[in-house]
Amino acid sequence: MKIEIAHGRIVDPRNGVDRVASLYVAAGRVAAVGAAPDGWHANRVIDARGLVVAPGLVDVSARLREPGLEYRATLESEMDAACAGGVTSLACPPDTDPPLDEPGLVEMLKHRARSLNQAHVHPVGALTVQLQGATLTEMGELTEAGCVAFSHADVPLVDTELLRRAMQYASTFGYPLWLRPVDPHIGRLGVAHDGEVATRLGLAGIPAAAETIALATILALVRDTGVRVHLCRLSCAESVAMVRAAKQEGLPVTCDVAVHHLHLCDVDIGWFDSDANLVPPLRSTRDRAALRAGVADGTIDVVCSDHAPVDEDAKQVPFAEAEPGATGLELLLPLTLKWAQEDGVPLSAALARITSEPAKLIGSGAGDLAVGRAADVCVFDPQAYWKVERASLRSQGKNTPFLGLEVPGKVRYTLVAGQFVHEP
Amino acid sequence: MRNPQLNANGELTHLLTLEGLPPDVIRGILDAATPFVSIAEREVKKVPLLRGKAVFNLFFENSTRTRTTFEIAAKRLSADVINLNIGASSTSKGETLLDTVDNLVAMDADIFVVRHSQSGAPHLIAAHLNAHGRTHVHVVNAGDGRHAHPTQGLLDLYTIRHYKREFHHLTVAIVGDVLHSRVARSLIHGLTTLGTPEVRVIGPKTLLPTAVQAMGVRVFHDMREGLRGCDVVVMLRLQNERMKGALLPSAGEFFKHYGLTQDKLSLAKPDVIVMHPGPMNRGVEIDSAVADGDRSVILPQVTFGIAVRMAVMSMIAGN
């Protein structure tokens, strides 16, 4: 199958490409950019005039809810959502039921994902058995089974000695750790940012210190152990400043933010909208501004969807009892574009946060359109606006605080290894 | 965002919180309560305003006092009253809050009086009813978590207006555990909406919400300083489980700093009134001499509470 994606605006951040040209795909790989290879004869030509041709999106946090939580979503529904959102590689956190702490579970997940022949799925292994924070998992076995990193998901690690030992062990073999900084004590009963909105609504608060204390602990231990740590889901202005300083110091850290935190703040909870119950919580406008600036200046390397499909029953309860999280695979591109438009960030720089930068973390050789790469491609119309509605989402989770909002960026075609997995 | 408790004509259809209610709506409720106060003095204490209507007292959290006052209010309006003490058992039986509500709607409920331990539960119910076109069913919040207790706020406003006539010259102090208090939040919204120039909160930092200043109050940690020149002092109940632990070292130390005594009260204006939403902890937040003293209006508050609840229920069922 030879495919010609003709006359689109090719934006390939890693290779510094941003020009109108044609992309040629043959045998599942990028065959040429610009001039057709010798003797080219396409089986299929896509007219991409007015469209952007970008590397397939790479999402470092997408919950597929398998194994164990299939009532929330299934691999089929969420892979479909990924393709519709232009996401061709995704990493899934270990907070499944049971958690991804055994090679068999990881192999099964990878096997199931492969059989669907859609986005590439990269499991993130549990750092401790059952995510209980007591015993390290068999990281070597899990890596062989396909884990790209190890994490404790949203479960706080109480035992800092275990964290230190886990870092030493991981650094011995070069396994990356993906850690969300969260203190096990401060704000543990909280459900919203400890500010004006929580005060008014009478919701228990989570102060910024719940994040910054854990972040300071992680950074101190990174300094000691030299382990590579990716910091997940920053939510506070202070955290951005701390990571900026850590990077200047030369610590081997990277970090990400969930895309909803670039747009929303605690005020968006409105009258107890449980779709705005997220982990970490939506914080103040000042925090949101710092996160946006952090993504723009590169302190924050990656923007992710933090996709968390939740069934309606688990959201149709009082705010504090609601299962946190928002569906996001189909909103990662539109919300990243929206941020870039609002803040005047060039398209290529914005796309780097959701393609080449996360690809570096996963280490899968995805995230760019160099000749010879597997042709994972997202072709989208940057001018097409669409309204986020329950019916417009493929994900089984319809839980998003963006329902009713008009967003830019409609994915027209998604290719994984040269195969169409989404088209009109 | 339209206030979820007003209908398209701006009339009250649910009472969920005093926050965001127009001043005229609040004054309207207070005005409507006045004739109901005198009903209590009649031989026949009933009016037929809610005849044929069903009021469901839906209490997910235990309360005798509030439930009883709502029951009396509904009965004086000639409504049929059904008390449901659901406690924590409904969730253990697996029925969700909204399933419970749907079942009771099917039994032709007209008004739900809802008490719930979670902030926002009455909003959830009201939004559910609105979304399903059941606009003839009304929700009255009888206290949700730390969020709101609007009928208590209204009866506090009624009491203050009864003794002080107007709000625009008053200094009101709210003392004690503001952090966990839905009573305090509702009263603050009510007072600021009606133009009270100075609302103070007094307490230790552990018992004040982080951003309480943003609600339009002045914060005091020294009770003597905070009481100076006050027209109204509202004492809050301190829950037993909070008297000793991370928030406070002991009930005794709390009383020393924030208990209301005659001595401290003498710093307020001579015609100050002392209020308390009840039930009181004598010797913890308030000294008996003050609670039973001539400045106390704690018992009239209870009487006004029935009238205010009659006013609220008759208004929303009429809209």
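Residues numbered from 1 in each chain as written. Chains lettered and ligands numbered in written order. Predicted model: local features only at pLDDT ≥ 70, side-chain atom pairs only at ≥ 80, totals over all residues.

*Asks:* Which residues make up the overall build of chain A, and what are the values?
*Replies:* Helices and strands together make up the secondary structure of chain A, namely 11 helices and 19 strands. In terms of overall dimensions, chain A is globule-like: its C-alpha atoms have a radius of gyration of 21 Å, near the 22 Å expected for 424 residues. Principal-axis analysis of the C-alpha atoms places the extent of chain A at approximately 65 × 50 × 45 Å. Counting all 424 residues of chain A, 58% fall into the buried class. Partitioning the contacts of chain A with sequence separation of at least 6, the portion at a separation of at least 24 is 76%. (Helix = DSSP H or I, 4+ residues; strand = E, 2+ residues; numbered from the N terminus. Rg over C-alpha atoms; globule rule 2.2 N^0.38 Å. Buried ≥ 20, exposed ≤ 12 C-beta atoms within 10 Å, placed from the backbone. Contact = placed C-beta atoms within 7 Å.)

*Asks:* Can you explain the overall build of chain B? Please cite residues and give values.
*Replies:* Tallying secondary structure elements over chain B gives 12 helices and nine strands in all. Since a compact globule built from 319 residues should have a radius of gyration of about 20 Å, the 19 Å found for chain B is in line with a globular shape. Taking the principal axes of its C-alpha atoms as reference, chain B extends roughly 55 × 45 × 40 Å. Split into buried and exposed, the 319 residues of chain B put 50% on the buried side. Within chain B, residue pairs in contact and separated by at least 24 positions form 80% of the contacts whose partners lie at least 6 positions apart.

*Asks:* Could you give an account of the interface of chain A and chain B, naming the residues involved and the relevant values?
*Replies:* In this assembly, 19 residues from chain A lie in contact with 24 residues from chain B. Of all the elements, helix 5 (residues 196–201) of chain A adds the most residues to the side of chain A that touches chain B, at four residues.

*Asks:* Quick rundown of the environment of Thr100 of chain B? Include the residues and the values.
*Replies:* All names here are of chain B. Within the fold, Thr100 resides in helix 4 (residues 97–106). Residue Thr100 is classed as partly exposed on the basis of its 18 C-beta neighbours within 10 Å. Sequence separation of Thr100 and Leu58 is 42 residues, and the distance between their C-alpha atoms is 9.7 Å.

*Asks:* Report on the domain arrangement of chain A, specifying residues and quantitative values.
*Replies:* Residue and element names in this part refer to chain A. According to the domain assignment, chain A contains domain 1 (2–53 + 374–384 + 404–422) and domain 2 (56–362). Taken over C-alpha atoms, the centre of domain 1 sits 29 Å from the centre of domain 2. On the side of domain 2, 23 residues touch domain 1, which itself brings 17 residues to the contact. When contributions to the side of domain 1 that touches domain 2 are tallied by element, the ones reaching two or more residues are strand 17 (377–387), strand 18 (406–416) and strand 19 (419–422). Looking at which element gives the most residues to the side of domain 1 that touches domain 2, the answer is strand 18, with six residues. Partitioned by chemical class, the residues of the side of domain 1 that touches domain 2 number 11 nonpolar, three polar and three charged. (Domains from an automatic or database assignment. Nonpolar A, V, L, I, M, F, W, Y, C, P; charged D, E, K, R; others polar.)

*Asks:* Explain unusual backbone geometry to me, using residue names and the numbers behind them.
*Replies:* Following Val279 of chain A, the chain continues into Pro280 of chain A via a peptide bond in cis, with omega recorded as -10°. Along the chain, Pro280 of chain A falls in the loop between strand 15 (253–258) and helix 8 (285–297). Phi at His7 of chain A takes a positive value of approximately 60°, unusual for a residue other than glycine. If you trace the backbone, His7 of chain A turns up in strand 1 (residues 2–12). Residue Ser78 of chain B is not a glycine yet carries a positive backbone phi of 70°. Relative to the elements of secondary structure, Ser78 of chain B occurs in the loop between helix 2 (65–76) and strand 2 (80–85). Take Ser78 of chain B: there are 14 C-beta atoms within 10 Å of it, and that puts it in the partly exposed class.

*Asks:* Can you lay out the sheet that holds strand 9 (residues 125–126) of chain A for me, pointing to particular residues and giving the numbers?
*Replies:* Residues and elements named next belong to chain A. As summarised here, the arrangement of the six strands in space is 9-10-11-14-15-16, forming an open sheet in which the pairing is parallel. Unpaired on one side and paired on the other, strand 9 and strand 16 (302–304) mark the two borders of the sheet. Here three bridges tie strand 15 to strand 16, and the two strands are oriented parallel to one another. The residue bridging Val257 from the neighbouring strand is Val303, located in strand 16. (Pairing = 2+ DSSP bridges.)

*Asks:* Tell me about the packing of helix 4 of chain B against helix 5 (residues 121–131) of chain B, residues and numbers included.
*Replies:* Residue and element names in this part refer to chain B. Where helix 4 meets helix 5, the closest approach of the two axes is 11 Å, and the angle between their N-to-C directions is 50°. With respect to helix 5, the element helix 4 is oriented oblique. Judged by the twist between their axes, the crossing of helix 4 over helix 5 is right-handed. Contacts between helix 4 and helix 5 involve Leu97, Leu98 and Val101 on the former and, on the latter, Ala121, Leu124, Ile125 and His128. (Axes fitted to C-alpha atoms, helices over the stretch in contact; angles between N-to-C directions. Parallel < 35°, antiparallel > 145°, perpendicular 65-115°, else oblique. Left-handed = near helix turned anticlockwise from the far one by under 90°.)

*Asks:* A description of the domain arrangement of chain B should follow, citing residues and the corresponding values.
*Replies:* All names here are of chain B. Assigned domains of chain B: these are domain 1 (23–148 + 304–318) and domain 2 (150–301). Each of domain 1 and domain 2 has a C-alpha centre, and the two are 26 Å apart. On the domain 2 side, the residues contacting the 20 residues of domain 1 number 21 residues. Among the secondary structure elements, those contributing two or more residues to the side of domain 1 that touches domain 2 are helix 1 (23–39), strand 4 (138–144) and helix 12 (298–318). A breakdown of the residues in the side of domain 1 that touches domain 2 according to their chemical character gives 11 nonpolar, five polar and four charged.

*Asks:* Residue-level account of the sheet that holds strand 2 of chain B, with values.
*Replies:* Residues and elements named next belong to chain B. Taken in spatial order, the four strands line up as 2-1-3-4 in an open sheet, and their pairing is parallel. Only two strands of the sheet have a single partner each, and these edge strands are strand 2 and strand 4. This sheet shows a mean twist of 15° between the axes of neighbouring strands, independent of strand direction. Note: strand 3 (residues 111–116) against strand 4, five bridges, orientation parallel. Of the residues in strand 4, the one forming a bridge with Val113 is Val140. Each of strand 3 and strand 4 is contacted by helix 5, which is oriented at about 165° to strand 4, the strand it contacts most.

*Asks:* Outline the confidence of the model for chain B, supporting the account with residue identities and numerical values.
*Replies:* Per-residue pLDDT for chain B averages 94, and the proportion of residues at 70 or more is 97%. Model confidence for the complex: the whole-complex pTM is 0.95, and ipTM, which rates the interface, is 0.94. (pLDDT = per-residue confidence, 0-100.)

*Asks:* Please give an account of helix 6 (residues 150–164) of chain B that cites residues and values.
*Replies:* Residues and elements named next belong to chain B. End to end, helix 6 covers 20 Å across 15 residues, agreeing with the expected 21 Å (1.5 Å per residue, within 8%). Counted residue by residue, helix 6 has 11 buried out of 15 residues, so it is predominantly covered. What helix 6 keeps buried is the set Pro150, Thr151, Gln152, Gly153, Leu154, Leu155, Asp156, Leu157, Tyr158, Thr159 and Ile160. Those residues of helix 6 hidden inside the fold are in contact with helix 1, strand 4, helix 7 (182–193), strand 8 (232–235), strand 9 (273–275) and helix 12. Looking one or two residues beyond helix 6, the residue adopting positive phi is Arg165, at roughly 70°. (Expected span 1.5 Å × (residues − 1).)

*Asks:* Give a detailed account of the nonpolar core, specifying residues and quantitative values.
*Replies:* Residue and element names in this part refer to chain B. Ranked by size, the top nonpolar core spans 242 residues in total, and within it Val175, Val233, Val234 and Met313 carry the most contacts. In terms of residue count, the dominant contributor to this core is helix 12 (11 residues). When residues no more than four places from it in sequence are discounted, the contact partners of Val175 are Ile202, Gly203, Met223, Val233, Val234, Met235, Leu236, Tyr258 and Leu260. (Core = buried A, V, L, I, M, F, W, Y, C linked by C-beta atoms within 7 Å.)

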